[in-house]
Each structure stands twice: as C-alpha cells, then as structure tokens.
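Coordinate analysis (summary)
Spelled out from the first residue to the last, the chains are:
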There are 2 protein chains.
Amino acid sequence: MIAGMVERGESRRAGARERARAEVMAQIMAAGRRELAEHGADGLSLRAVAREIGMVSSAVYRYVAGRDELLTLLIIESYDAVGAAAERASARGGSAAERFVAIASAVREWGREHPHEYALLYGSPVPGYRAPDDTIASGTRVPAAMIRLLIEEYAAGRLSVPVAEDAPPVGAALSAQCGTVREFFGADLPDELVLLGIGAWTQVYGLISFELFGQLHNTFEPADDLMEHQFATVASRVGI
Amino acid sequence: MIAGMVERGESRRAGARERARAEVMAQIMAAGRRELAEHGADGLSLRAVAREIGMVSSAVYRYVAGRDELLTLLIIESYDAVGAAAERASARGGSAAERFVAIASAVREWGREHPHEYALLYGSPVPGYRAPDDTIASGTRVPAAMIRLLIEEYAAGRLSVPVAEDAPPVGAALSAQCGTVREFFGADLPDELVLLGIGAWTQVYGLISFELFGQLHNTFEPADDLMEHQFATVASRVGI
DNA sequence: CGACGTCGAGAGCAGCGCTCCGGATTGCGA
DNA sequence: TCGCAATCCGGAGCGCTGCTCTCGACGTCG
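As the structure is a prediction and not an experimental result, all values here were calculated from the model. (Residues numbered from 1 in each chain as written. Chains lettered and ligands numbered in written order. Predicted model: local features only at pLDDT ≥ 70, side-chain atom pairs only at ≥ 80, totals over all residues. Heavy atoms only, no water.)

Here we look at the overall build of chain A
Our working rule: For helices the rule is a DSSP run of H or I covering at least 4 residues; for strands it is a run of E covering at least 2, with both sets numbered from the N terminus onward. Partly exposed describes any residue whose relative accessible area lies between the buried limit of under 20% and the exposed limit of over 50%, with all areas from a 1.4 Å probe on protein chains only and scaled to the type maximum. Throughout, a residue-residue contact means that at least one pair of heavy atoms, one from each residue, lies within 4.5 Å.
Scanning chain A from N- to C-terminus turns up 12 helices and 0 strands. For chain A, the sequential pattern of α-helices and β-strands runs α-α-α-α-α-α-α-α-α-α-α-α. Every one of the 240 residues in chain A was classed for burial, and the buried ones make up 46%. In chain A, of all internal contacts separated by at least 6 residues, the share reaching a separation of at least 24 is 69%.

So, the protein's contact with DNA strand D
The condition that has to hold: By convention in this text, a residue qualifies as near a molecule or strand provided that one of its non-hydrogen atoms is within 4 Å of it. Any N or O atom pair separated by 3.5 Å or less is treated as a polar contact, with the protein-specific requirement of one donor-capable and one acceptor-capable atom, and with residues adjacent in sequence counted only for side-chain atom pairs. Here the term charged refers only to Asp, Glu, Lys and Arg, the term nonpolar to Ala, Val, Leu, Ile, Met, Phe, Trp, Tyr, Cys and Pro, and the term polar to all other amino acids, Gly among them.
Taken together, the neighbourhood of DNA strand D is formed by 22 residues, with Ser58 and Arg62 of chain A together with Leu46, Arg47 and Arg51 of chain B sitting nearest. Here arginine 21 of chain A contributes a side-chain N or O atom positioned 3.0 Å from a phosphate oxygen of DNA strand D. Arginine 47 of chain A places a side-chain nitrogen or oxygen 3.4 Å from a base oxygen of DNA strand D. Broken down by secondary-structure element, the contributors of at least two residues to the surface near DNA strand D are α2 (16-43) and α4 (57-60) of chain A together with α2 (16-43), α3 (46-52) and α4 (57-60) of chain B. Ranked by residue count, the leading element in the surface near DNA strand D is α3 of chain B, at 3 residues. Here the surface near DNA strand D is composed, by residue class, of 8 nonpolar, 5 polar and 9 charged.

Section: helix α10 (residues 172-185) of chain A
All names here are of chain A. Applicable threshold: The span you would expect from a helix comes to 1.5 Å times its residue count less one.
In a regular helix each residue adds 1.5 Å, so 14 residues correspond to 20 Å; α10 covers 20 Å between its end C-alpha atoms and thus fits that length. Turning to α10, its buried residues are Leu174, Gln177, Cys178, Gly179, Val181 and Phe185. Of the residues one or two after α10, glycine 186 is the one with positive phi, at around 60°.

So, the pattern of salt bridges
Condition: Between Lys or Arg on one side and Asp or Glu on the other, a salt bridge is scored when a side-chain nitrogen of the former is within 4 Å of a carboxyl oxygen of the latter.
Within this structure, the stated rule accounts for 20 salt bridges over all chains. For glutamate 87 of chain A, the salt bridge is made with arginine 141 of chain A, and the minimal N-O distance between the two is 2.8 Å. Of this pair, glutamate 87 of chain A sits in helix α5 (residues 67-91) while arginine 141 of chain A sits in helix α9 (residues 141-155); the two residues are 54 residues apart in sequence, bridging distant segments of the chain. When its relative accessible area of 29% is taken as the criterion, glutamate 87 of chain A is described as partly exposed. For glutamate 153 of chain B, the salt bridge goes to arginine 158 of chain B, with nearest N and O atoms at 2.9 Å. For glutamate 153 of chain B, a relative accessible area of 8% gives the class buried.

Remarks on the relation of the copies chain A and chain B
Which entries qualify depends on this criterion: Superposition of the copies used a least-squares fit over C-alpha atoms from residues whose pLDDT is at least 70 in both.
With an RMSD of 0.0 Å, chain A superimposes on chain B once it is rotated by 180° and translated 0.0 Å along the axis. Considering both components of the superposition, the chain copies are consistent with a two-fold axis. A high fraction, 100%, of the interface residues of chain A reappear at the interface in chain B, so the copies pair face to face through one surface.

Digging into unusual backbone geometry
Residues and elements named next belong to chain A. Note that the residue after glutamate 221, namely proline 222, is joined by a cis bond; omega there is 5°. The residue proline 222 is located in the loop between α11 (191-212) and α12 (224-238) in this model. Its identity as a non-glycine residue notwithstanding, asparagine 218 has a phi of 70°, on the positive side. Take asparagine 218: it is sitting in the loop between α11 and α12. Judged by its relative accessible area of 45%, asparagine 218 falls in the partly exposed class.

With respect to the packing of aromatic side chains
All names here are of chain A. Put simply, the rule is: Aromatic rings from Phe, Tyr and Trp, with only the six-membered ring used for Trp, were paired whenever their centres fell within 6.5 Å, and each pair was classed as stacked if the ring planes differed by under 30 degrees, edge-to-face if by over 60, and tilted otherwise.
Scanning all chains against the criterion turns up 19 aromatic pairs over all chains. Ring geometry for tyrosine 122 versus tryptophan 201: centroids 6.0 Å apart, planes at 75°, classification edge-to-face. Of this pair, tyrosine 122 sits in helix α7 (residues 115-122) while tryptophan 201 sits in helix α11, and the two are 79 residues apart along the sequence. This pair shows no difference in class: tyrosine 122 is buried, exactly as tryptophan 201 is.

Considerations on the protein's contact with DNA strand C
Residues in close proximity to DNA strand C total 22 residues, the closest being Leu46, Arg47 and Arg51 of chain A together with Ser58 and Arg62 of chain B. Sugar plus phosphate, as a fraction of atoms of DNA strand C within 4 Å of the protein: 49%. Contact distances for DNA strand C include 3.0 Å between a phosphate oxygen and a backbone N or O atom of valine 56 of chain B. In this structure, serine 58 of chain B approaches DNA strand C through a side-chain N or O atom, which is 2.7 Å from a base oxygen.

Description of the confidence of the model for chain A
Detailed reading of the predicted model is not advised wherever pLDDT is low. Note the threshold: Confidence per residue, as judged by the predictor, is encoded in pLDDT with a range of 0 to 100.
When pLDDT is averaged along chain A, the result is 90; 90% of the residues meet or exceed 70. Taken together, the stretch residues 1-13 of chain A has pLDDT below 50 and engages in 5 contacts with residues farther than four places along the chain or on a different chain.

Observations concerning the nonpolar core
Under the convention used in this document: Nonpolar core, defined: a set of buried Ala, Val, Leu, Ile, Met, Phe, Trp, Tyr and Cys residues in which side-chain atoms within 4.5 Å join the residues together.
One finds Ile28, Tyr122 and Phe220 of chain A together with Ile28, Tyr122 and Phe220 of chain B to be the most contacted residues of the largest nonpolar core, which totals 131 residues. It is helix α11 (residues 191-212) of chain B that contributes the most residues to this core, 12 residues altogether. When sequence neighbours within four positions are dropped, the list of residues in contact with isoleucine 28 of chain A reads Val49, Ile53, Val60, Tyr63, Val64 and Leu70 of chain A.

Points about the environment of glutamine 203 of chain B
Along the chain, glutamine 203 of chain B falls in helix α11. Distance from glutamine 203 of chain B to glutamine 230 of chain B, taken between C-alpha atoms, is 8.9 Å for residues 27 residues apart in sequence. Look past the residues within four positions of glutamine 203 of chain B in its chain and what remains in contact with it is Gly199, Thr202, Gln203 and Arg237 of chain A together with Gln230, Val234 and Arg237 of chain B. In terms of polar contacts, glutamine 203 of chain B uses its side chain to reach the side chain of arginine 237 of chain A, at 3.4 Å.

Some points on the environment of arginine 34 of chain A
Residues and elements named next belong to chain A. Residue placement: arginine 34 occurs in helix α2. The class of arginine 34 is partly exposed, set by a relative accessible area of 45%. Here the alpha-carbon distance between arginine 34 and valine 49, two residues 15 residues apart in the chain, equals 8.9 Å.

Written out as structure tokens, the structure reads:
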C-alpha cells in the first residue's frame, strides 16, 4: 500500500493521511462555497455540506470546529476573491480616473455575480458572530487598492490637496486616525486625501450595496447607468 | 359582561374580541421587538416570542402567518422609526447644511441605538425573504427627507445646478429614472441635483453602515470625528 | 339558547448545531 | 514485521427551530 503510494510519486514524508485530510478539507470548502452561493449565509448548513460530500455531519467536525469557523473561512476566501478582482482591475492600467472606475465596477460586478458572498462580507454581520482578526487583512484589499491609487497620484504630483475654504477642519484625533492609515501603507498622503479616499470608498460601497440589497427597487433599476455616472462623479471629485 | 364593557366606554361595535386580539397582537410585536433588539434577526424565534408572552408557539400563528411576516412587520415599524427620527432632525431647523448633517447624525444615532434593527433594514436582506412593497413606502422616508431639503433649497433659488465641465453626462435612461424620483415628490429638481442627492445619501449610508458593521475596526474607531467631518463634507459638496 | 367561529394547547414532523461513544482504519515506532 | 496509538467515520442523541394538524373550550351572534 505504502509502496504503491510511493510508486505513484506521493511523498511518504508528506503523509498520505495529511493528503487525504487536505482533500476532504477542500471538499468541505467547495461544498460550503456552493451552499453559500445558493442558500446564503443563513442557509449554510453544516449538515447539508456533510451530505453533499457523502459524510455524516459529525465527521465534518473533525475538520471544522463548527458552523462559524466554516463561515469565517469562506469569508476570508471571498474577501480575497473580491480583493483580487479589484487589484486586477486597477492593474489593467489607464488613467487614474479610469482605474478608479474600473475598481469600483469590478467590485460591483463581483457582487452581482456573488450576491450572497457580498452580503456576507459587507452586509450585516452574522449575529452572534464576531469577525476574527484573520479576516481584516483580506478585508482591506479593496479600499487599499483605491487608496494606493491616490498615493501613486499624489507621489507623482498629479494630485493636489483640496484647499476649499469651506472644508471642515481635521481635528487632532481624526488626524491621528488618518495617520494609522498612512502608516499602514507606509506612504505619504495628507489627511485630507485620506479622508477623500475614505469618502470615495464609502460612497462606492453604499451604491453597490443599495443595488444588491434591493434599496433601489422601483427607482434606479436597472442600475447600470446610475453606477456608471456615480462612479465617474466620485472619480472626478477625488481629483483624478 | 358586555354591559360592563359598555359602561367602561368600550364600544360594543368595536368588539371585545377584537380588542383582545389587538392587545395580543401588540404583545407579539413588543416581544418581537425585544427579541430582535437582543438577538438580532437570525435570533428572532417565534417560539421565544410565544414563550415571552405566555403562549404556546402554535397559538402565535393565529396572529402572524409565520416568522417572515413578523419580520416584515418589524421592518416596517423600524423604517418608520428611523424615518421619523430623520424627519424630526430636519424639522429642528437651522441652515440647510445643518439640517442635512442633523438628518445624517440622527440616522447614525438611531443605528447605534438599534444596531440589529439597522442591520435588518439596511444590511443584507434576510435570505429567502423578499421585502414586500408594503415596506418601500416607509423605507423611503430617510432619503426623502434629504431630497426634500434639496427641493426646498432649489425652489428658494439658493441651489445652483453644478455645471462642472468634467461632470459625466446624464443619459436618457438615467434621466428618465431621475424623472421617476421627481414625480414621486411632485416637485421640480434637475437631474443633476437628484443624482447629487442620491450620491449624498449613498455616502451617508455607506459611512454609517461601515461603522455599525464593524468595517472601521482598528482604524476609525471611535468614529464620531470621522462621521462629523464626512457629513459636513457631503453637505458642503451638495452646495448647501 | 344553540350553532358557529375563534382561540389556545398539545402532539408531532423535519430540520438544525453540536456532543459523545464505539468500531474501523491508518501510520509510526519498537 | 508487528502492535500500539492516533486518527477518523458513523450512529445515536439532546435541545432547539419553524410549521402543521387536531381537539377541546370559549365567546359571539342569530
């Protein structure tokens, strides 16, 4: 048996057992992904996952601590998926404004293709469930792509700090919080531009969420034109 | 018995039975509100509601068709509550900018006090649950308060249509959708200002949701300063 | 006063998350 | 190579959920 495995090139050091375990784990994740996509976070049933991969429910607990942990794993996976989509969109090039719109559109597109996952990431947090810190690293990829855009433009001198006299002042506490963001990126970006970026991201998020959560029903639906217009407006407001 | 009721001024036409029914219904709603506030939408259990009012679960079905209907009733109630809060804030007077910030702050405050209700209204829609049209009337009260502000300012001639040459054009389809909004209010408001209002509301919603849904964790928390700054920024951007 | 309609209680079904236990299988070291 | 120990899977079971059905009791109205 072991000889056969070695013959097939399966490293004995890797451990056939670990391989099997990894495979089952992958099956669980895949089934969980399917269940999540079809029935949503609330409908994600560990028993259904077990059924789908031909296991009894208690066996799944050997791999996953519980429903919440499976949900967390899927959240991280989804954060990375939408983050990667945003980064790909940004990397496609073009003017800064075009890249910003591309990022926003990519997030929207991903959300339309994975509404349940989007809801899991950006909708109301599942009650009784506190997102562990593991997720925040993956969760910042989308806004990071936007901020990075501003950083690049600012570094290239193509972005000027808005000096509107009626702009609200930035207090010390708020400035310190902006510093946290700046520190995270290890780059220079004035408070005003950090806040401009936050405002842009929150508006994009608000627009996409309104569409996906059905708040635009009976008014701006289909929302393609609205999104295109608003994304462009935000981009021009940012000054890129 | 009936005589006694009549003596106490209880109209016989109203029916003692109907009175009792209304009272039980009120108890169900109150218990549902408590459960919702404490355990969230997912934790809202019809059995727990029944238990709380000293009934067996099946009896509750005489009053409510099911869990979804109870949720819908609570949604409408909550929409009206936050809508009323926004309208009160707007009615407190002040400059247009002050009133706008007051509306946004009122919504934020309401959300902080009723996080589960806010999530139910503006978070991911409960899977498998389609919001009936009953809710949309109540659901538009908050954005309506904001749009109404713009309408008043525009009617008073204190608001000019932004004519930035780099502003994205408004296509025919989008303009028609803006017309729907205009028609709803029965007032005059250029497309550009409608879209400006939509943008303002989506950004305010995005900001509040980010705070309440924990997306600002480890960065802009506490978020009071950020909110104050961003709300003011949005107000000044709208031109009020 | 009687019949009808309403109401609450109870039992029951299927599903859920999760735990515990027993038997089978696997892998590693003696 | 053999045996022990770790690992793993299946089954049973607990308490919870939403929802349905039936039955007895009661109020309401003709």
